[in-house]
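# Coordinate inspection notes
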Amino acid sequence: MTGAGQGIGRAFAHALAEAGAKVAVIDLSADRADEVARELREKGAEAISIQADAADESSVESFVRTTVQAFGRLDIAVNNAGINLNSAAEEATLEEWDMVHNLNLRGVFIACQHEAKVMFPQGYGKIINTASMASMIVPHPQKQVSYNVSKGAVVSLTRTLAAEWADRGIRVNCISPGIIRTALIEESEALAPLVDEWVSNIPAGRLGEVGDLQGAVVYLASEVSDYMTGHNLAIEGGQTLW
Ligand SMILES: NC(=O)c1ccc[n+]([C@@H]2O[C@H](COP(=O)([O-])OP(=O)(O)OC[C@H]3O[C@@H](n4cnc5c(N)ncnc54)[C@H](O)[C@@H]3O)[C@@H](O)[C@H]2O)c1
């Protein structure tokens, strides 16, 4: 589980641990990863923490190897780490574009490759990528061209890998959260003031909470979803409907 030190990744890690998974808590922040792994062990789960940059290929290779060494196999991989930077499209720099794509898309691709190579000999595996509602609509009024494009591409990546790897027992799906109340929103000067406007565009009448997503990750990680692959599961309070 990448980006598991806080927010959606932390909630996913708790949900999978409660469902019986052994969890490698992977985050750029060693402190956050350690803390979440400790929370999981306090619940009686097996968990390790790994500090890693999910945008860097040698880090990705290393966290996959460390996880397999710790637990003996890799059944479920959740590629969740992502960042959002806000700029008007005509002003977005290539540095911003590269930074966002290097983690949100290129990092997810690299991780999927390394994870699948462990799963192929097992003949089974579940890969779950965190995309975004931004893969389906253009969220507004914030301007986030790099993010929107990267998340649209995560859906295309997920569909492509699902098609290529289905015959080897690998299922690849993604979850597209709507606007979820996490630090990504609350600590962003550009995004935090927009909450009231967003809520007026959400049929469910509120922002999402990380708990709204936990059942979905357990479903996609478990055998009951074995006939589902290449799917983009939107959980957005109906925001894509209006
Ligand atoms: N919050 C939302 O409304 C929302 C909506 C749709 C999609 N998402 C997606 O969900 C995922 C998680 O979002 P969140 O809201 O929990 O974010 P967050 O910022 O609260 O947490 C992200 C975590 O990822 C870690 N991280 C950042 N860069 C990393 C890197 N290079 N390598 C490893 N770890 C790294 C951070 O340290 C942090 O612990 C992201 O992919 C995001 O795009 C979030």
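Residues numbered from 1 in each chain as written. Predicted model: local features only at pLDDT ≥ 70, side-chain atom pairs only at ≥ 80, totals over all residues. Heavy atoms only, no water.

Looking up the chain in an unreviewed UniProt entry gives the name Glucose 1-dehydrogenase, with the organism given as Amycolatopsis coloradensis.

### Digging into the nonpolar core
Note on soluble globular proteins: their nonpolar side chains tend to be buried together. To keep things clear, this is the line we draw: Nonpolar cores are built from buried Ala, Val, Leu, Ile, Met, Phe, Trp, Tyr and Cys residues. Side-chain atoms within 4.5 Å join them into one set. Here the term buried applies to any residue with accessible area under 20% of the maximum for its type, exposed to any over 50%, and partly exposed to those in between, with areas from a 1.4 Å probe on protein chains only. In DSSP terms, a helix is any run of H or I states spanning at least four residues, a strand is any run of E spanning at least two, and both are numbered starting from the N terminus. Throughout, a contact is declared for two residues whenever any of their heavy atoms are within 4.5 Å.
Ranked by size, the top nonpolar core spans 27 residues in total, and within it M1, F12, V23, V25, L40 and V217 carry the most contacts. If you list the elements that add at least two residues to this core, you get α1 (7-18), β1 (23-27), α2 (30-42) and α8 (211-221). Looking at this core, the element that brings in the most residues is α1, giving six residues. Each residue touching L40, except ones within four places of it in the same chain, is listed here: A13, H14, A17, V23, V25, A45 and A47.

### A look at the site of the ligand
Going by this rule: A single heavy atom is enough: if one lies within 4 Å of a molecule or strand, its residue is considered near that molecule or strand. The term polar contact refers here to a pair of N or O atoms within 3.5 Å; inside protein, the definition further demands a hydrogen-donor-capable atom paired with an acceptor-capable atom, and it admits residues adjacent in sequence only when both atoms are side-chain atoms. All accessible areas in this document rest on Shrake-Rupley with a 1.4 Å probe, and a residue is counted as covered only by the protein chains that are shown. Cavity means a closed set of points on a 1 Å grid over the protein atoms alone, one where a 1.4 Å probe fits but cannot get out, pocket means an open set with protein on both sides within 12 Å along at least 5 of 7 lines, and lining means a residue has an atom within 4 Å of a point. To decide whether a molecule occupies a pocket or cavity, check its atoms: if more than half lie within 2 Å of the grid points, it is inside.
Neighbouring residues of the ligand: 28 residues in total, closest I8, D27, N80, Y147 and T182. Within the side chain of D27, one N or O atom sits 2.6 Å away from an oxygen atom of the ligand. For the ligand, the protein covers 92% of the area, taking 840 Å² as the surface of the free molecule. For the ligand, the cavity whose grid points lie within 2 Å of the majority of its atoms is the largest pocket.

### A few points about empty space enclosed by the protein
We count it as follows: Grid points are joined across faces, edges and corners, and a volume is the space filled by probe spheres set on the points. For this classification, Asp, Glu, Lys and Arg are treated as charged, while Ala, Val, Leu, Ile, Met, Phe, Trp, Tyr, Cys and Pro are nonpolar and the rest, including Gly, are polar.
This structure, assessed with the given rule, holds one cavity of 30 Å³ or more. Approximately 60 Å³ is the volume found for the largest cavity. Along the walls of the largest cavity sit T2, A54, V60, F63, N79, N80, A81, L103, G107, V108 and A111, which together make up its complete lining. Counting residues per element, the ones that place at least two in the lining of the largest cavity are α3 (57-71) and α4 (94-122). Here the lining of the largest cavity takes four residues from α4, the largest share from any one element. Classifying every residue of the lining of the largest cavity gives seven nonpolar, four polar and no charged.

### Section: the layout of surface pockets
In this structure, the largest pocket spans a volume of roughly 1000 Å³. Along its surface, the largest pocket is lined by 45 residues, and A81, G82, I83, N84 and L184 are the ones closest to its centre. Of all the secondary structure elements, the ones that give two or more residues to the lining of the largest pocket are α1, β1, α4, α5 (145-165) and α6 (183-186). Approximately 470 Å³ is the volume attributed to the second largest pocket. Those elements that place two or more of their residues in the lining of the second largest pocket are β1, α3, β3 (76-79) and α8. Tallied by class, residues from the lining of the second largest pocket come to 16 nonpolar, five polar and four charged.

### What about the sheet that holds strand β4 (residues 125-130)?
Test applied: Two strands pair under a simple rule: DSSP has to find at least two bridges between them. The convention used is that axes are lines fitted to C-alpha atoms, helices contributing only their stretch in contact, and that angles between N-to-C directions extend from 0 to 180 degrees.
Spatial ordering of the open sheet is given by β3-β4-β5-β6, a layout of four strands whose pairing is parallel. Looking at the sheet topology across the chains shown, the edges are occupied by β3 and β6 (232-235). The mean inter-strand angle of the sheet, taken between neighbouring strand axes irrespective of direction, is 20 degrees. One ladder, built from four bridges, connects strand β5 (residues 170-177) with β6; its direction is parallel. Each bridged residue has a counterpart across the sheet, and for P177 the counterpart in β6 is I235. In the packing of α1 onto the sheet, the strands contacted are β3, β4 and β5, and the crossing angle to β3 comes to about 165 degrees. Sitting on the sheet, α4 touches β3, β4 and β5, and the angle it makes with β4 is about 170 degrees.

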